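The chain contents come next:
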Amino acid sequence: MTDFLNYLVLGLTRGSMYALIALGYTLVYGVLQLINFAHSEVFMSGAFGSYLIVGMFVHDGQHLAWWQVTLVMFLGLLSGALVGAAVAWGLERVAYRPLRRRGAPKLAFLISAIGMSFFLSQLAGKLFNRLSQNQFPSYFDQNKAVFTIPGSGATVSRIQLIVIVSAVIMMVFLDRLVSGTKLGRSIRGVAEDAPTAALMGIDIDKTISRTFIIGGALGGAAGFLFGTTFVFSNIMGFIPGVKAFAAAVLGGIGNIRGAMIGGLLLGVVENLVPTFPWNGSGGWIGLQWTDVVAFVVLVLVLVFRPTGILGERLGRAA
Amino acid sequence: MRTRTLVNVAAMSAVGALALTACSNSTGGGGLSSSAGGGGGGTTYTVAFEGPLSGDNAQLGINEVNGVQLAIDQANAKKDLGFTVKLLKADDGGDASKAPAAAAQVLQDATVMGVVGPSFSGASKAVGKIYGAANLTIVNPSASNGTLQTLGFPTWHRVVPNDYAEGPAVADWMAKKFKKVFVVNDLSDYGAGVAGAVEKELKAKGVTVQTAGVDAKTTDYGAISQTVKQSGAQAMFYGGYDAQGALFAKALTAVGFPGARVAGNGVKSSVFTTGAGAAGNGWYFSCGCQDATVAPSAKDFTAAYTAKFNTPPSTYSPEAFDATNILLAAIKAAKAAGTVDRKSVNDQVSKTDFAGITGQIKFGPDGDLPAGTGTVNLYTQKDGKIISLGDVSKAS
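Residues numbered from 1 in each chain as written. Chains lettered and ligands numbered in written order. Predicted model: local features only at pLDDT ≥ 70, side-chain atom pairs only at ≥ 80, totals over all residues. Heavy atoms only, no water.

Student: What am I meant to see in the sheet that holds strand β4 (residues 137–140) of chain B here?
Tutor: Residues and elements named next belong to chain B. Taken in spatial order, the five strands line up as β2-β1-β3-β4-β5 in an open sheet, and their pairing is parallel. With partners counted over all chains shown, the strands left at the sheet margins are β2 (84–91) and β5 (156–158), one partner each. Going across the sheet, the axis of each strand differs from the next one's by a mean of 25°, ignoring polarity. Sheet contacts for helix α3 (residues 99–108): β1 (44–51), β2 and β3 (112–116); angle to β2, the most-contacted strand, approximately 155°. (Pairing = 2+ DSSP bridges. Helix = DSSP H or I, 4+ residues; strand = E, 2+ residues; numbered from the N terminus. Axes fitted to C-alpha atoms, helices over the stretch in contact; angles between N-to-C directions. Contact = heavy atoms within 4.5 Å.)

Student: Would you mind going over the interface of chain A and chain B with me for this structure?
Tutor: By convention, interface size is frequently given as the accessible area that disappears when the constituent parts associate. The partner chain B presents 22 residues to the 21 residues of chain A that form the contact. Buried surface at the junction of chain A and chain B, both sides included, amounts to about 1900 Å², of which 54% is carbon and sulfur. Looking only at chain A, the three residues that lose the most surface to chain B are Q133, L287 and Q288 of chain A, adding up to 24% of its buried area. Scanning the region where chain A abuts chain B turns up one salt bridge. R14 of chain A is the partner of D220 of chain B in a salt bridge, and the nearest nitrogen-oxygen pair spans 2.7 Å. Connecting chain A to chain B are six residue pairs in polar contact (both at pLDDT 80 or more). Listed by contribution, the elements that provide at least two residues to the side of chain A that touches chain B are α1 (2–32) and α10 (256–275) of chain A. Examining the composition of the side of chain A that touches chain B, we find that five residues originate from one element, α1 of chain A, more than from any other. Looking at the side of chain A that touches chain B residue by residue, the classes come out as eight nonpolar, 11 polar and two charged. (Buried area = accessible area lost by both parts, 1.4 Å probe. Salt bridge = Lys/Arg side-chain N within 4 Å of Asp/Glu carboxyl O. Polar contact = N/O pair within 3.5 Å; in protein donor to acceptor, adjacent residues only side chain to side chain. Nonpolar A, V, L, I, M, F, W, Y, C, P; charged D, E, K, R; others polar.)

Student: It is not clear to me how the pattern of salt bridges should be interpreted in this structure. Could you clarify?
Tutor: Side-chain pairs of opposite charge can arise where the charged atoms are in close proximity. All names here are of chain A. A full pass over the atoms with the stated rule returns 17 salt bridges over all chains. The salt bridge involving D291 is made with K243; its shortest N-O contact spans 3.0 Å. Of this pair, D291 sits in helix α11 (residues 290–304) while K243 sits in helix α9 (residues 238–251), and the two are 48 residues apart along the sequence. Take D291: its relative accessible area is 35%, and that puts it in the partly exposed class. A residue is classified by how much of its surface remains accessible, and K243, at 4% relative accessible area, is buried. (Buried < 20%, exposed > 50% of the residue type's maximum accessible area, 1.4 Å probe, protein only.)

Student: Help me out: how do you make sense of the domain arrangement of chain B in this one?
Tutor: All names here are of chain B. According to the domain assignment, chain B consists of domain 1 (42–161 + 297–362) and domain 2 (164–287 + 376–391). A C-alpha centroid distance of 29 Å is found between domain 1 and domain 2. Listed as interface residues are 14 residues of domain 1 and, on the opposing side, 15 residues of domain 2. A combined buried area of about 1200 Å² lies between domain 1 and domain 2, and 50% of that area is made up of carbon and sulfur atoms. By the criterion of area lost to domain 2, the three top residues of domain 1 are Q59, P161 and T315, representing 31% of everything that side buries. Put simply, domain 1 and domain 2 have one salt bridge between them. Here D189 and K125 are joined by a salt bridge, their closest N and O atoms 3.4 Å apart. (Domains from an automatic or database assignment.)

In structure tokens, the structure reads:
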């Protein structure tokens, strides 16, 4: 039981990050029917952006008071989100809007996205010396257990709690935003039928731009959380990006709640399935099969539900 | 409109093509002019280095290429070779898939008489045949996978003990202290090789062994650390490289694994110590390599290296230095015997009996150090620094 809960918490931590990134893929797909393959680099730039800000406030090995830590965390999250949003906005301006204006075929968007992805990753490498392991300064004891889950020896550490709670808050916020505000209505309108939405007086370009900003902010914030929990580098985006894309497809691409569920589910499955039966034996499948397990689950779900767990449309389901 | 676009495209690709040819011309030209010009010593021969000079594992390549550079500079300064030597650096990023391109770059230069490298086992496996087919001798300073010498690479030589020598040596030491060990590897040629050798020897000594593999591209070592902890093992052995080892070290500390942490030569580096920080303290490393900062035979080398590169020599710098000197001695011997070409140099390297700073080096028929020669040393990280504990077979 202890083992099971420990792996579950690990899975939820990783899954929250997948979910935040997956939302970026799914939002853009919703309005443009386009996979933004450069989104993994938006995530990466969020990590570097917040690193610059957090580095300004804290220096190596310094332990701060709890309110200072909270403040720095909040600033980090905010700066990650801002940088992510800015990069995503710029991405749309540079790589997508010109193509859209000229009515380029879908394939051109894809290539443009891949090109931007390489460009951003190499640019970050150039700016930050291509170190494989950048770390945030350690300004609090991340791994200290906050509480023990009742009835077992499983613990939740500070960083795990921070990641899961902040991800949930952001997701609830997004859900409210999309279903309850004017901006949310225009996003859903464009997703459902762009020409009709335009006839109803919705500015399509502005809506698309804002969709990129929202997705970018979530991805950038995820970059900060990922960097704080693990390490970050200019090539960090690729694997989480692919996994998050898989999570978005798993939940139903274009569907916001689907991306959230898909992300959490993928993270949990990745940790729980290979280590089954959680008795200290290392598991029947073994952790070297983690990625295989993740994608086998994806394929199985798609065989039985080709549109993903919650189905495809942003317009309707959210 | 359409024609104009086409013209533009054509013009641009023409410019691009010109730029490309210009590049290849200038590199080719550079190689030729220096081989003809030569300077004071008459002919110029080239020693190639192949290893990671960029990317995640660049530090190891830099440690080695500096050793090579130092050996070449010292030889050129002494002027007793009868020829001048030049260094060609080929960057393979430590990646087996990029190694053939690096090898092609080396083979293109006709003045190259030998290769120091490739640094990594996967890359070595990928290019051993290509170099062999060109009769180009390989003197390898660090790729320690235990099967490389059995793959029939005709020009293979290696100055360090392989993992089938290193793994069992450290396993014997672990068997003296621990009854249950968890062996983790990163699924690379090197990592799986050394982990397999450790596992086999531990089992032979009656130790309970549990194993797992974690892909080297993983950043999240939470699950594997949890598994290691729950297994109740007294010690963990990691077969893998430094950057990943550092992440693993932090995750093991985060879950509070109480046992000892041991790793192979791939983890012993400054990348690990800076990456892992305090979580790396107490880790043990086995390495068939010399600690140049403590070995008396390497005193001059350490001083010269530090003066030249502003940093003390690190893992595999002394081995690369020895490998280069072996190569230079072989070219000299080939010259004394009449012809200097790739084949004659390779023949001379095979006959090597060389007193290097890392020990007396001789090659067996398979190109490896004969069994029983070559020492495996044990190191540990203390207060963020790696210190030597001496010969692992004598360590307590």
